[in-house]
Amino acid sequence: MEFLYQLEASILLLSCIFAYLKLESLKVMLVCGSDLLQSFGIPGFWIRDQVKAICRDYGVVYIRREGQDVEKIISGDDVLNDNQANIKVVDELVPNQISLTRVRECIARGLSIKYLTADDVIDYIREQQLYSNSDDK
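Predicted model, so just to flag it, every value in this text is computed and none were measured.

1. Remarks on the nonpolar core
Then comes step 1: Among the nonpolar cores identified, the biggest contains 17 residues, and Leu 37, Phe 40, Val 51, Cys 55, Val 60, Ile 74 and Leu 80 are the most heavily contacted of them.
Then comes step 2: For this core, the elements supplying multiple residues, two or more each, are β1 (30-32), α2 (34-39), α3 (48-58), β2 (60-64), α4 (70-75) and α5 (78-82).
Then comes step 3: Residues contacting Ile 74, with those up to four places away along its chain left out, are Leu 37, Leu 80, Asn 81, Gln 84 and Ile 87.
Then comes step 4: Counting 6 residues, the second largest nonpolar core, distinct from the first, contains Val 103, Cys 106, Ile 107 and Ile 125.

2. With respect to the packing of aromatic side chains
Then comes step 1: Under the counting rule described, the total for this entry stands at 2 aromatic pairs.
Then comes step 2: Measuring from centroid to centroid gives 5.0 Å for Phe 40 and Trp 46, while their planes differ by 75 degrees, and the two rings are edge-to-face. Of the two residues examined, Phe 40 and Trp 46, each falls in the buried class.
Then comes step 3: Members of the aromatic cluster, joined through ring pairs, are Phe 40, Phe 45 and Trp 46.

3. Let's talk about the environment of Asp 57
Then comes step 1: For Asp 57, the position within the fold is in helix α3.
Then comes step 2: Distance from Asp 57 to Asn 86, taken between C-alpha atoms, is 8.6 Å for residues 29 residues apart in sequence.
Then comes step 3: Discounting residues that sit within four places of it in the chain, Asp 57 has contacts with Lys 52 and Asn 86.
Then comes step 4: Within the structure, Asp 57 has its side chain in polar contact with the side chain of Arg 56 (distance 2.8 Å).

4. Digging into the pairing of β2
Then comes step 1: Bridge analysis of β1 against β2 gives 3 bridges, and the strand direction is parallel. In the sheet register, Leu 30 faces β2, and the bridge partner there is Val 60.
Then comes step 2: In the sheet, β2 pairs with strand β3 (residues 87-91) via 5 bridges, with the strands oriented parallel. Bridge pairing in β3 links Ile 63 to Val 90.

Calculation notes
- In this convention, every chain numbers its residues from 1, walking through the sequence in written order.
- With pLDDT at 70 or above as the cut-off, local features in this predicted model cover only qualifying residues; side-chain atom pairs require 80 or more to be listed or tallied, and sums for whole chains, interfaces and linings still use all residues.
- As a rule here, side-chain values cover all heavy atoms of the structure and leave hydrogens and water aside.
- Residues enter a nonpolar core if they are buried and are Ala, Val, Leu, Ile, Met, Phe, Trp, Tyr or Cys, with the set joined through side-chain atoms within 4.5 Å.
- Here's how the labels work: a residue is buried when its accessible area is under 20% of the maximum for its type, exposed when over 50%, partly exposed in between, all with a 1.4 Å probe on protein chains only.
- Helix and strand assignments follow DSSP, with helices taken as H or I runs no shorter than four residues and strands as E runs no shorter than two, numbered in order from the N terminus.
- In what follows, a contact means two residues having at least one pair of non-hydrogen atoms within 4.5 Å.
- Only Phe, Tyr and Trp rings are paired, with Trp represented by its six-membered ring, and only when their centres lie within 6.5 Å; those with planes under 30 degrees apart are stacked, over 60 edge-to-face, the remainder tilted.
- Pairs of N or O atoms are called polar contacts if they sit within 3.5 Å, as long as, within protein, a hydrogen donor faces a hydrogen acceptor (for residues adjacent in sequence, only side-chain-to-side-chain pairs).
- When DSSP finds two or more bridges between a pair of strands, those strands are recorded as paired.

What follows is the structure, given as structure tokens:
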């Protein structure tokens, strides 16, 4: 839930900046992979009104991974299906299997993520103690 509040705050801040600068040609959209997009359809995982607001008011850029059926994901959820026009699908130019889900799994298992993401990201994750077991904090 903390992620959702941070996302809302970030979207609100960017919207205010765009309004102030009158950058009407820019649009804030949620960029995600299949795991996040699929999670929109899990009952109780997201607040449905917030999913509607994200899809309707901002839109989603979905990075298609090899072997994922994005049309099935979208058609299987009422909110995503109703907002298809605001969901942009982008194919990976260089297919890889690195995802935030895999990064979180590595961290939870105590494995290195050195070659999975940038050093600044690794430093931030360590400083904020993200994705570690609650017993470790």
